[in-house]
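Each chain, letter by letter, is given below.
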Amino acid sequence: MDTCVIKSPLGFTEIIGDDIGIVSVSILNSEETVSKNIPETLQDCVLQLNEYFEGKRKEFNLKLNPNGTDFQKSVWKLLQQIPYGKSISYLELSKQLGDVKAIRAVANANGKNPLWIIVPCHRVIGTDGSLTGYAGGLHRKQWLLEHESPNKQQSLF
(Lines give C-alpha, C1' and ligand atoms only; values in the text may rest on other atoms or scores of the structure.)
Protein backbone atom coordinates (compact mmCIF):
# COMPACT_ATOMS: atom_id res chain seq x y z
CA MET A 1 0.00 0.00 0.00
CA ASP A 2 1.17 3.48 -0.83
CA THR A 3 0.84 6.23 1.77
CA CYS A 4 1.26 9.98 1.81
CA VAL A 5 0.48 12.88 4.12
CA ILE A 6 -0.72 16.27 2.86
CA LYS A 7 -1.64 19.48 4.65
CA SER A 8 -5.25 20.61 4.30
CA PRO A 9 -7.10 23.59 5.77
CA LEU A 10 -8.37 21.20 8.46
CA GLY A 11 -5.07 19.59 9.36
CA PHE A 12 -2.78 16.85 8.22
CA THR A 13 -4.44 14.25 6.01
CA GLU A 14 -3.20 10.71 5.40
CA ILE A 15 -4.05 8.96 2.14
CA ILE A 16 -3.57 5.21 1.64
CA GLY A 17 -4.16 3.27 -1.55
CA ASP A 18 -2.77 1.32 -4.45
CA ASP A 19 -3.53 0.51 -8.09
CA ILE A 20 -6.89 -1.01 -7.11
CA GLY A 21 -8.07 2.20 -5.44
CA ILE A 22 -8.01 4.54 -2.47
CA VAL A 23 -8.44 2.58 0.77
CA SER A 24 -8.37 5.40 3.29
CA VAL A 25 -8.35 9.18 3.58
CA SER A 26 -8.21 10.32 7.18
CA ILE A 27 -7.62 13.48 9.14
CA LEU A 28 -4.83 13.19 11.68
CA ASN A 29 -5.03 14.82 15.08
CA SER A 30 -1.33 15.51 15.28
CA GLU A 31 1.27 17.27 13.20
CA GLU A 32 2.95 15.01 10.70
CA THR A 33 5.65 15.40 8.13
CA VAL A 34 4.14 16.27 4.76
CA SER A 35 5.20 13.82 2.05
CA LYS A 36 7.80 15.26 -0.30
CA ASN A 37 7.06 12.67 -2.97
CA ILE A 38 3.48 11.61 -3.67
CA PRO A 39 3.23 8.03 -5.00
CA GLU A 40 1.80 7.91 -8.51
CA THR A 41 -1.19 5.86 -7.29
CA LEU A 42 -2.20 8.69 -4.92
CA GLN A 43 -1.47 11.75 -7.07
CA ASP A 44 -4.99 12.04 -8.51
CA CYS A 45 -6.50 11.82 -5.03
CA VAL A 46 -4.19 14.57 -3.75
CA LEU A 47 -5.04 16.75 -6.78
CA GLN A 48 -8.80 16.26 -6.34
CA LEU A 49 -8.68 16.94 -2.58
CA ASN A 50 -6.72 20.14 -3.19
CA GLU A 51 -9.25 21.21 -5.83
CA TYR A 52 -12.07 20.51 -3.34
CA PHE A 53 -10.45 22.69 -0.67
CA GLU A 54 -9.85 25.44 -3.24
CA GLY A 55 -13.59 25.38 -4.09
CA LYS A 56 -12.91 24.11 -7.62
CA ARG A 57 -14.31 20.57 -7.19
CA LYS A 58 -17.73 19.39 -6.02
CA GLU A 59 -17.50 15.70 -6.94
CA PHE A 60 -14.69 13.18 -6.73
CA ASN A 61 -13.81 10.83 -9.56
CA LEU A 62 -11.50 8.25 -8.00
CA LYS A 63 -11.19 4.49 -7.85
CA LEU A 64 -12.16 3.57 -4.28
CA ASN A 65 -11.39 0.36 -2.42
CA PRO A 66 -12.49 0.81 1.21
CA ASN A 67 -12.49 -2.10 3.64
CA GLY A 68 -15.83 -2.75 5.31
CA THR A 69 -18.82 -5.03 5.59
CA ASP A 70 -21.40 -5.24 2.82
CA PHE A 71 -23.78 -3.17 4.97
CA GLN A 72 -21.16 -0.48 5.59
CA LYS A 73 -20.36 -0.34 1.88
CA SER A 74 -24.07 0.07 1.06
CA VAL A 75 -24.25 3.02 3.47
CA TRP A 76 -21.07 4.55 2.03
CA LYS A 77 -22.47 4.19 -1.48
CA LEU A 78 -25.60 6.11 -0.43
CA LEU A 79 -23.44 8.80 1.17
CA GLN A 80 -21.80 9.40 -2.20
CA GLN A 81 -25.21 10.27 -3.64
CA ILE A 82 -25.73 13.21 -1.26
CA PRO A 83 -25.16 16.28 -3.44
CA TYR A 84 -22.51 18.85 -2.65
CA GLY A 85 -23.99 21.62 -0.50
CA LYS A 86 -26.86 19.41 0.75
CA SER A 87 -27.35 17.43 3.93
CA ILE A 88 -29.50 14.50 5.00
CA SER A 89 -30.49 13.10 8.38
CA TYR A 90 -29.56 9.67 9.69
CA LEU A 91 -33.28 8.84 9.64
CA GLU A 92 -33.59 9.79 5.95
CA LEU A 93 -30.55 7.68 5.17
CA SER A 94 -32.12 4.72 7.01
CA LYS A 95 -35.31 5.16 5.00
CA GLN A 96 -33.32 5.14 1.76
CA LEU A 97 -31.85 1.80 2.84
CA GLY A 98 -35.39 0.55 3.38
CA ASP A 99 -35.33 0.15 7.17
CA VAL A 100 -36.04 3.08 9.50
CA LYS A 101 -35.12 0.85 12.45
CA ALA A 102 -31.56 0.59 11.13
CA ILE A 103 -30.78 4.17 12.18
CA ARG A 104 -28.16 3.16 14.77
CA ALA A 105 -26.49 0.76 12.35
CA VAL A 106 -26.49 3.49 9.68
CA ALA A 107 -24.95 5.96 12.13
CA ASN A 108 -22.33 3.38 13.11
CA ALA A 109 -21.45 2.66 9.46
CA ASN A 110 -21.29 6.41 8.82
CA GLY A 111 -18.83 6.77 11.70
CA LYS A 112 -16.60 4.03 10.29
CA ASN A 113 -16.33 5.65 6.86
CA PRO A 114 -12.62 5.36 5.94
CA LEU A 115 -12.77 7.89 3.09
CA TRP A 116 -12.97 11.30 4.75
CA ILE A 117 -14.55 13.96 2.49
CA ILE A 118 -14.55 11.71 -0.60
CA VAL A 119 -17.43 9.72 0.89
CA PRO A 120 -19.20 12.73 2.42
CA CYS A 121 -20.29 11.47 5.84
CA HIS A 122 -20.05 15.09 7.03
CA ARG A 123 -23.29 15.76 5.10
CA VAL A 124 -25.29 13.60 7.54
CA ILE A 125 -26.87 15.54 10.39
CA GLY A 126 -29.41 14.97 13.14
CA THR A 127 -33.13 15.02 12.30
CA ASP A 128 -33.39 18.33 14.16
CA GLY A 129 -30.59 19.84 12.06
CA SER A 130 -27.94 19.44 14.77
CA LEU A 131 -24.37 18.54 13.98
CA THR A 132 -24.16 15.14 15.60
CA GLY A 133 -21.17 12.84 15.82
CA TYR A 134 -18.22 13.23 13.53
CA ALA A 135 -15.00 11.24 13.83
CA GLY A 136 -12.95 14.23 12.65
CA GLY A 137 -14.49 16.52 15.26
CA LEU A 138 -17.61 18.67 15.05
CA HIS A 139 -15.54 21.80 14.28
CA ARG A 140 -14.33 20.11 11.08
CA LYS A 141 -17.85 18.96 10.18
CA GLN A 142 -19.10 22.52 10.58
CA TRP A 143 -16.21 23.85 8.47
CA LEU A 144 -16.95 21.35 5.68
CA LEU A 145 -20.67 22.14 5.64
CA GLU A 146 -19.95 25.88 5.55
CA HIS A 147 -17.33 25.33 2.81
CA GLU A 148 -19.98 23.58 0.69
CA SER A 149 -22.79 25.98 1.54
CA PRO A 150 -24.21 27.91 -1.42
CA ASN A 151 -24.98 30.76 1.01
CA LYS A 152 -21.55 31.73 2.25
CA GLN A 153 -21.47 34.23 5.10
CA GLN A 154 -20.26 37.59 3.85
CA SER A 155 -18.17 39.91 5.99
CA LEU A 156 -19.76 43.28 6.73
CA PHE A 157 -16.39 45.01 7.05
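On a predicted model such as this, the values are computed, not experimentally measured, just so you know.

What counts and how
Residues numbered from 1 in each chain as written. Predicted model: local features only at pLDDT ≥ 70, side-chain atom pairs only at ≥ 80, totals over all residues. Heavy atoms only, no water. Helix = DSSP H or I, 4+ residues; strand = E, 2+ residues; numbered from the N terminus. Rg over C-alpha atoms; globule rule 2.2 N^0.38 Å. Buried < 20%, exposed > 50% of the residue type's maximum accessible area, 1.4 Å probe, protein only. Contact = heavy atoms within 4.5 Å. Areas by Shrake-Rupley, 256 points an atom, 1.4 Å probe, with all protein chains shown as cover. Phe/Tyr/Trp six-rings, centres within 6.5 Å; stacked < 30°, edge-to-face > 60°. Lys NZ or Arg CZ within 6 Å of the ring centre and 35° of its normal. Polar contact = N/O pair within 3.5 Å; in protein donor to acceptor, adjacent residues only side chain to side chain. Pairing = 2+ DSSP bridges. Core = buried A, V, L, I, M, F, W, Y, C linked by side-chain atoms within 4.5 Å.

Teacher, can you tell me more about the overall build of the chain here?
Looking only at helices and strands, the chain features five helices and five strands. What you see for the chain is a C-alpha radius of gyration of 16 Å, in line with the 15 Å of a compact globule of 157 residues. In terms of principal-axis extent, the alpha carbons of the chain reach across some 50 × 45 × 25 Å. Of all 157 residues assigned to the chain, the portion counted as buried reaches 42%. Summarising the internal contacts of the chain: among those between residues at least 6 apart in sequence, 56% fall at separations of at least 24. When the accessible area of the chain is evaluated, it comes to approximately 9200 Å², of which 49% is carbon and sulfur surface.

I tried to follow the packing of aromatic side chains on my own but got confused; where do I start?
Ring pairs (aromatic) are described by centroid distance and by the angle formed between their planes. Taken as a whole, this structure holds five aromatic pairs when the rule is applied. Judged by centre distance (6.3 Å) and plane angle (80 degrees), the rings of Tyr 52 and Tyr 84 are edge-to-face. Of this pair, Tyr 52 sits in helix α1 (residues 40-53) while Tyr 84 sits in the loop between α2 (70-79) and β4 (88-89), and the two are 32 residues apart along the sequence. Pair check on accessibility: Tyr 52 and Tyr 84 agree, each one buried. Relative to Trp 116, the ring of Phe 53 lies with its centre 6.3 Å away and its plane at 45 degrees, an arrangement referred to as tilted. A residue pair is termed long-range when its members are at least 10 positions apart, and Phe 53 in helix α1 and Trp 116 in the loop between α4 (103-111) and β5 (124-125) qualify at 63 residues. The same class applies to Phe 53 as to Trp 116, namely buried. The ring of Phe 12 is capped by Lys 7, whose NZ or CZ atom sits 4.9 Å from the centre of that ring.

Just checking my understanding: could you explain the side chain of Thr 13 for this structure?
Along the chain, Thr 13 turns up in strand β2 (residues 11-18). Under the relative-accessibility criterion, Thr 13 is labelled buried at 1%. A polar side-chain atom of Thr 13 sits 3.5 Å from a polar atom in the side chain of Ser 8. Once you skip the residues sitting within four places of it in the chain, Thr 13 turns out to touch Cys 4, Val 5, Ile 6, Ser 8, Val 25, Ser 26, Ile 27 and Trp 116.

What am I meant to see in the pairing of β2 here?
On a regular strand, each side chain points to the face opposite its neighbour's, so the side chains alternate between the two faces of the sheet. Burial analysis of β2 places six of its eight residues in the buried class, the great majority of the element. Taking the residues that link successive antiparallel strands as the turn, the strand β1 (residues 2-8)-β2 hairpin has two residues. When β2 meets strand β3 (residues 21-27), the two strands line up antiparallel, connected through six bridges. In the sheet register, Glu 14 faces β3, and the bridge partner there is Ser 26. The antiparallel pairing of β2 with β3 creates a hairpin that spans two residues between the two strands.

Explanation requested: the nonpolar core in the structure shown.
Grouped burial of nonpolar side chains is what soluble globular proteins tend to show. Among the nonpolar cores identified, the biggest contains 35 residues, and Ile 15, Val 25, Leu 79 and Trp 116 are the most heavily contacted of them. The set of elements that each furnish at least two residues to this core consists of β1, β3, α1, α2, α3 (90-97) and α4. If one sorts the elements of this core by residue count, α1 sits on top with six residues. Aside from chain neighbours lying at most four places away, what touches Leu 79 is Leu 93, Asn 110, Val 119, Pro 120, Cys 121 and Val 124.

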